[in-house]
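Overview (structure and organization)
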Amino acid sequence: MSSGASTTETSKQHPLDASFSHLSIAYHESLPNVTHVKLNRPRKRNAINALMWREIGEAFRQIGTTGDGTRCILLSGSGKGFCGGIDITDEQFFSGISADNGNDDESSIDMARKALAFKPQISQMQAAFTALEECPVPIVAAINGACIGAGIDMVCCADVRICSSNTVFSIREARLGLAADVGTLQRFPKLVGFGSRVRELCFTGEDFSAEDALKIGFVSRISKSESHLFEEANHIISKIIANSPVAVTVTKSSLNYSRDHTVREGLDHVALTNSAALMSDDLVKSFMMTSGAGGAAEFAPLQPHSRL
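Calculation notes
Residues numbered from 1 in each chain as written. Predicted model: local features only at pLDDT ≥ 70, side-chain atom pairs only at ≥ 80, totals over all residues. Heavy atoms only, no water. Pairing = 2+ DSSP bridges. Helix = DSSP H or I, 4+ residues; strand = E, 2+ residues; numbered from the N terminus. Axes fitted to C-alpha atoms, helices over the stretch in contact; angles between N-to-C directions. Salt bridge = Lys/Arg side-chain N within 4 Å of Asp/Glu carboxyl O. Buried < 20%, exposed > 50% of the residue type's maximum accessible area, 1.4 Å probe, protein only. pLDDT = per-residue confidence, 0-100. Contact = heavy atoms within 4.5 Å. Core = buried A, V, L, I, M, F, W, Y, C linked by side-chain atoms within 4.5 Å. Parallel < 35°, antiparallel > 145°, perpendicular 65-115°, else oblique. Left-handed = near helix turned anticlockwise from the far one by under 90°.

Remarks on the sheet that holds strand β6 (residues 146–148)
With respect to topology, three strands assemble into an open sheet ordered β6-β8-β9, the strand pairing being mixed. Edge strands, defined here as strands with exactly one partner in the open sheet, are β6 and β9 (207–209). Recorded for the sheet is a direction-independent mean angle of 25° between the axes of neighbouring strands. In terms of strand pairing, β6 meets strand β8 (residues 168–170) through three bridges, oriented parallel. Its bridge partner being in β8, Ile148 is matched across the sheet by Ser170.

Dropping the structure here:
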């Protein structure tokens, strides 16, 4: 729910905001059709506990799909840092490793059964971040301060990443005794390549700077200060929402599909989706806008997704 801790302008509460304890969801004050999602545990540096993890998945499965008018999402963290990673003080994360499920003699449960019982939790955690990737509208992550562990897992699923000059990143899991298992090892190399530096960062768990992130292509811009971070994000978002929401949604879908398929499969996919998308009135409006004949185009909102 909304908090007084804020580093940017947001005003009108989003209908979903009241449903969540550790996320703040509001419509952007100055940009139409933009929803601002803030990780909202500033006293814990936005470390993600089990409840917050579930909320992230639930929120991004709904925003942009319920007829709320959202055409782009701004993602940020409340307070001094974006995300401090997993909240290791939340015992619920680790209860599945040693849970006896009511069995008085836990030692009698063999490791295979414990592993089979624990895997669904990992899958659930993975799915929560995949919800960002599968969200039909673009997500622009404005990253400040620390972005550690699970924070990197999450922003790997954003479409555009920018950060302030003081941002510190770390794929921290190896230093904590585990392999990152909710997306970084799969997505981070696809974003920046599988080279030596990437493996070094994953194996060592060492910190890397905003400049390092820009150099390898993990972020596209560095703001000169935290105060300018949201100006940069708003500038990018304003350009996105000026375009047809149908064109932007199909573009995101094609980019994601093509990343995981051959060029031929990607071409077939976009041919199929565009054969429908090109029937939109947005095409004529966009041509008129780019030719200077009609000024800024007004596009109809995306419709709510059909659900059982």
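Some details on the pattern of salt bridges
Here the structure, examined in full by the defined rule, presents 13 salt bridges. We note a salt bridge from Arg41 to Asp87, for which the minimum N-O separation is 3.0 Å. Linking Arg41 in the loop between β3 (34–39) and α1 (50–62) with Asp87 in the loop between β4 (72–77) and α2 (92–98), this pair joins segments that are 46 residues apart in sequence. According to the relative accessible area criterion, Arg41 is buried, its value standing at 13%. By relative accessible area, Asp87 is classed as buried at 5%.

Points about the confidence of the model for the protein
Chain-level pLDDT for the protein is 92 on average; 92% of the residues reach the 70-or-more range. In the predicted structure, residues 2–10 sits below a pLDDT of 50 and forms 23 contacts with residues beyond four places in sequence or in another chain.

Considering the environment of Ser254
On the secondary structure map, Ser254 appears in helix α9 (residues 245–259). When its relative accessible area of 14% is taken as the criterion, Ser254 is described as buried. Once the C-alpha coordinates of Ser254 and Asp181 are considered, the two residues, 73 residues apart in sequence, prove to be 25 Å apart. Apart from the residues lying within four places of it in its own chain, the contact partners of Ser254 are His269 and Val270.

A short note on the nonpolar core
As a rule of thumb, nonpolar side chains are buried together in soluble globular proteins. Counting residues in each nonpolar core, the largest one holds 51 residues, and the members touching the most others are Ile56, Leu75, Phe169 and Phe218. At six residues, the largest contribution of residues to this core is made by α1. Cys72, Val140, Ile240 and Ile241 belong to the second-largest nonpolar core, a separate cluster that totals 15 residues.

Notes on the packing of α9 against helix α10 (residues 263–277)
The contact between α9 and α10 brings their axes to 9 Å, and the two run at 165°. Comparing the axis directions of α9 and α10 gives the class roughly antiparallel. With respect to the hand of their crossing, α9 and α10 are arranged in right-handed fashion. Residues Val246, Val250, Ser253, Ser254, Tyr257 and Ser258 of α9 form the contact with α10, whose own contacting residues are Glu265, Gly266, His269, Val270, Thr273, Asn274 and Ala277.

What about unusual backbone geometry?
For Asn33, which is not glycine, the phi dihedral falls at a positive 65°. Judged by its relative accessible area of 32%, Asn33 is partly exposed. One non-glycine residue with positive phi stands out, namely Asn46, at about 60°. In this structure, Asn46 sits in the loop between β3 and α1. The buried category is assigned to Asn46, whose relative accessible area is 0%.

Quick word on helix α5 (residues 184–192)
Each α-helix turn comprises 3.6 residues. Residues three or four places apart therefore point the same way. Buried within α5 are the following residues: Thr184, Arg187, Phe188, Pro189 and Val192. Packing partners of the buried residues in α5 comprise α3 (111–134), α4 (150–155), α6 (196–204), β9 and α7 (210–216). Gly193 occupies a position one or two residues after α5 and carries a positive phi of about 105°.

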